[in-house]
Amino acid sequence: MKAGVLTAANKIEILEKEMPRIMKPSEVMIRVKAVGICGTDLHIFKGTRTDVQFPRVMGHELAGEVVELGANVKKVALNDHVVFDPVIACNTCKICLKGHKNVCSSVKCFGVQMDGGFQEYIVVEEENVYAYDKLVDFSVAALGEPFSIAANILERAGAKAGENMVIIGAGTIGLAILQAAKGIGVKVLISDISETKLQYAREFGADMAINTGIDNLEAAVERFSPEGADVLVDAVGSAQLFEKTLELAAPTARVVVIGFDSNPASISPIAITKKELTIVGSRMNCRKFDKVAEWLNQGIITDKMISRKYRLEEIQKAFEETLNNSGSWIKTIIVFD
Ligand SMILES: [Zn+2]
Ligand SMILES: [Zn+2]
């Protein structure tokens, strides 16, 4: 079978690999049909992730078809179309047993710290596989993973209908949070410096979409929600923008942190005390793929975020062109025959 293998920084080669085999009764073989390129993949491609060794098959946002079942598999059937939860944990530690696999101290993301989906077949545990309606396009289903992140963020924030939310950054994650939030009746202001991305945000129902290259964010939030916002997410993930979200928060607001910036933010305790703010982290997703399958079946996840599709053979070009168009493209999908 063919695999797109990152053999060195900035270099993905199509290599012939041996077919994987089902080794455990709980495993499923999936014929991969569509895989999204994530910001994480772009970082790994450029060689800036120190926790990733080459050679590596990336890809954690995937959809495919079940082609073989282990003897004990009950959750899915042959020919089912499935999305895949890339959170792989030890399943034995206290945190895993409490159900929080996404924050297990040895958690791995499929396609990041282990080989992933840019290959024709994968063998995975049935617990990570979720069937959805066969009428949904595989490329649309590959958007499921970013939506699992959005579902996790909304739950962590305890966002409710009628609340005001500020999202900084209208990339894939920002736009997925926006759509999920609008779906439950939350009012959303979203900001970015790309007019193209803001145009998507307006299409997805943003109540305000602010270009912070031109407009002042504080003034916009003041117009949007004069007491400050109830829920805030920095979907860019920088220490500086995290500080900003605290400033824009209303009393009793929830600030969700999803960034991997290791630079310190400067926060005065009084800023949190005076407004009784709640600061919560959100990492990947904690069992949100049932929700994702539901959203796929209901048509809530659409192809509008897909900027471009490439075949596996064109994966090198796909990565290069995605990097060159990062200001305007939302999601690139690799499709398989
Ligand atoms: Zn991703
Ligand atoms: Zn664990």
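Up top you'll find the structure we're talking about.
Residues numbered from 1 in each chain as written. Chains lettered and ligands numbered in written order. Predicted model: local features only at pLDDT ≥ 70, side-chain atom pairs only at ≥ 80, totals over all residues. Heavy atoms only, no water.

Chemist: Describe the pattern of salt bridges, with residues and values.
Modeler: In the structure shown here, the tally under the stated rule is 17 salt bridges. Across the pair Asp115 and Lys17 runs a salt bridge whose closest N-O atoms are separated by 3.8 Å. Taken together, the positions of Asp115 in the loop between strand S7 (108-109) and strand S8 (121-125) and Lys17 in the loop between strand S2 (11-16) and strand S3 (27-37) put the pair 98 residues apart, joining distant regions of the chain. What you see here is one network of salt bridges that share partners, running through Lys17, Arg56 and Asp115. (Salt bridge = Lys/Arg side-chain N within 4 Å of Asp/Glu carboxyl O. Helix = DSSP H or I, 4+ residues; strand = E, 2+ residues; numbered from the N terminus.)

Chemist: Go over the environment of Val166, please, and point to the residues and values.
Modeler: Note on placement: Val166 falls in strand S10 (residues 164-168). Look at Val166 and you get buried, because its relative accessible area is 0%. Note: C-alpha distance between Val166 and Val188 (22 residues apart in sequence) is 5.9 Å. Apart from the residues within four sequence positions on either side, Val166 is in contact with Leu189, Val221, Phe224, Ala229, Val231, Leu232 and Val233. (Buried < 20%, exposed > 50% of the residue type's maximum accessible area, 1.4 Å probe, protein only. Contact = heavy atoms within 4.5 Å.)

Chemist: Let's hear about the sheet that holds strand S12 (residues 208-211): which residues, and what values?
Modeler: For sheets, the rule is that strands pair by backbone hydrogen bonds, running either parallel or antiparallel. On the basis of which strands lie adjacent, the open sheet formed by 6 strands has the order S12-S11-S10-S13-S14-S15 and parallel pairing. Here the strands that pair on one side only, and so sit at the sheet edges, are S12 and strand S15 (278-281). In this sheet, adjacent strand axes meet at a mean angle of 15° when their direction is disregarded. Summarising the sheet, strand S13 (residues 229-234) and strand S14 (residues 249-257) pair through 5 bridges and their orientation is parallel. Bridging from a neighbouring strand, Val233 pairs with Val256 of S14. Contacting S10, S13, S14 and S15, helix H4 (residues 144-157) crosses the sheet at an angle of about 145° to S14. The strands touched by helix H6 (residues 195-203) within the sheet are strand S11 (187-192) and S12, with S12 carrying the most contacts at an inclination of about 175°. (Pairing = 2+ DSSP bridges. Axes fitted to C-alpha atoms, helices over the stretch in contact; angles between N-to-C directions.)

Chemist: Break down the coordination of the zinc ion (ligand 2) for me, citing the residues and quoting the values.
Modeler: On the protein side, the zinc ion (ligand 2) has Cys90 (SG), Cys93 (SG), Cys96 (SG) and Cys104 (SG) as donor atoms, found 2.3 Å from it. Metal-centred angles of 106 to 114° between the 4 donor atoms at the zinc ion (ligand 2) mark the site as tetrahedral. What makes Cys104 buried here is its relative accessible area of 2%. (Donors = N, O, S within 2.8 Å, 3.2 Å for Na, K, Ca; no water. Tetrahedral: all angles 85-135°; square planar, octahedral: opposite > 155°, others 65-115°.)

Chemist: Account for the packing of H4 against helix H10 (residues 289-297), with residues named and values stated.
Modeler: Look at H4 against H10: their axes get within 9 Å of each other, and the N-to-C directions meet at 120°. Taken as axis vectors, H4 and H10 run oblique relative to one another. Considering the relative orientation of H4 and H10, their crossing is right-handed. On the side of H4, the interface is formed by Gly144, Glu145, Phe147, Ser148 and Ala151, while H10 contributes Phe289, Lys291, Val292 and Trp295. Here the contact of H4 with H10 is composed, by residue class, of 5 nonpolar, 2 polar and 2 charged. (Parallel < 35°, antiparallel > 145°, perpendicular 65-115°, else oblique. Left-handed = near helix turned anticlockwise from the far one by under 90°. Nonpolar A, V, L, I, M, F, W, Y, C, P; charged D, E, K, R; others polar.)

Chemist: Give me the coordination of the zinc ion (ligand 1): which residues, what numbers.
Modeler: The protein atoms donating to the zinc ion (ligand 1) are Cys38 (SG), His60 (NE2) and Glu61 (OE), with metal-donor distances spanning 2.1 to 2.4 Å. Within one chain, the residues serving as donors to the zinc ion (ligand 1) are arranged as C-x21-H-E. Here Cys38, found in the loop between S3 and helix H1 (39-46), pairs with His60, found in the loop between H1 and strand S4 (61-69); they are 22 residues apart in sequence, far enough to count as distant. The same class applies to Cys38 as to His60, namely buried.

Chemist: Describe in detail helix H5 (residues 172-183), supporting the description with residues and values.
Modeler: Across its 12 residues, H5 extends 17 Å between first and last C-alpha, which sits within 8% of the 16 Å expected from 1.5 Å per residue. The buried fraction of H5 amounts to 9 of the 12 residues, a majority that puts the element mostly inside the structure. When H5 is considered as a whole, its buried residues turn out to be Thr172, Gly174, Leu175, Ala176, Ile177, Leu178, Gln179, Ala180 and Ala181. Trailing H5 by a residue or two, Gly185 shows a phi angle of about 85°, which is positive. (Expected span 1.5 Å × (residues − 1).)

Chemist: Give me the lowdown on H10, citing residues and values where you can.
Modeler: The complete set of buried residues in H10 reads Phe289, Val292, Ala293, Trp295 and Leu296. Looking straight down H10, one finds its buried side chains confined to an arc of 160°; they lie on one side. Against strand S5 (81-84), strand S9 (129-132), helix H3 (138-141), H4 and H5 lie the buried residues of H10. Positive backbone phi, approximately 75°, marks Gly299, located one or two places after H10. (Arc of directions from axis to C-beta.)

Chemist: So what's going on with the side chain of Lys288? Residues and values would help.
Modeler: Locating Lys288 in the fold gives a position in the loop between S15 and H10. Here Lys288 falls in the buried class, since its relative accessible area comes to 9%. Once residues lying within four places of it in the same chain are set aside, the contact partners of Lys288 are Ser148, Ala151, Asn152 and Glu155.

Chemist: Explain the pairing of S3 residue by residue, including any values.
Modeler: Burial analysis of S3 places 10 of its 11 residues in the buried class, the great majority of the element. Both S3 and S8 contribute to a ladder of 5 bridges, which runs antiparallel. Counted as the bridge partner of Val28 is Val124 from S8. Bridge analysis of S3 against S4 gives 8 bridges, and the strand direction is antiparallel.

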